[in-house]
Amino acid sequence: MDLLKAMGFGALIACCVSVVIGTQGSTGGQLAIQSFEVADFKVYWSWSLFLVSTGLFWGLLLLQR
């Protein structure tokens, strides 16, 4: 259950950071931010940022037990 909660937090952080960096026209270097279109919207996403932030939040949730 902690992993699912961490994935939610990780997705939120990845989305927010990717939008801020991606709208400036940068790929974020190691973050590898990608843009793609869904319907009429441009969406920015970074799998590496998602995995790192999920791991961070998973560790924090495990420490709170």
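Note that the coordinates shown come from a computational prediction; the quantities given were computed from them, not determined experimentally.

Draft legend 1. Quick peek at a nonpolar patch on the surface. Where nonpolar side chains cluster on the molecular surface, the patch consists of Met 1, Leu 3, Leu 4, Met 7, Trp 58 and Leu 62 and spans about 620 Å² of accessible area. It is helix α1 (residues 2-22) that contributes the most residues to the nonpolar patch, 3 residues altogether. Checked against the element boundaries, Leu 4 lands in helix α1. Relative accessible area serves as the criterion here: at 59%, Leu 4 is assigned to the exposed category.

Draft legend 2. Molecular detail of the pattern of salt bridges. Tallied over the entire structure, the rule returns 1 salt bridge. Asp 2 serves as the salt-bridge partner of Arg 65, at 3.1 Å between the closest nitrogen and oxygen. Of the two residues, Arg 65 is situated in the segment after α2 (47-63) and Asp 2 in helix α1; the sequence distance between them amounts to 63 residues.

Draft legend 3. Seen up close, the environment of Leu 62. Here Leu 62 lies in helix α2. Leu 62 sits in the partly exposed class, given a relative accessible area of 41%.

Rules used in this analysis
- Residues numbered from 1 in each chain as written.
- Predicted model: local features only at pLDDT ≥ 70, side-chain atom pairs only at ≥ 80, totals over all residues.
- Heavy atoms only, no water.
- Patch = residues over 30% accessible without salt bridge, like charges linked within 9 Å, V, L, I, M, F, W, Y side chains within 5 Å.
- Areas by Shrake-Rupley, 256 points an atom, 1.4 Å probe, with all protein chains shown as cover.
- Salt bridge = Lys/Arg side-chain N within 4 Å of Asp/Glu carboxyl O.
- Helix = DSSP H or I, 4+ residues; strand = E, 2+ residues; numbered from the N terminus.
- Buried < 20%, exposed > 50% of the residue type's maximum accessible area, 1.4 Å probe, protein only.

The values are spatial; any link to function lies outside them.
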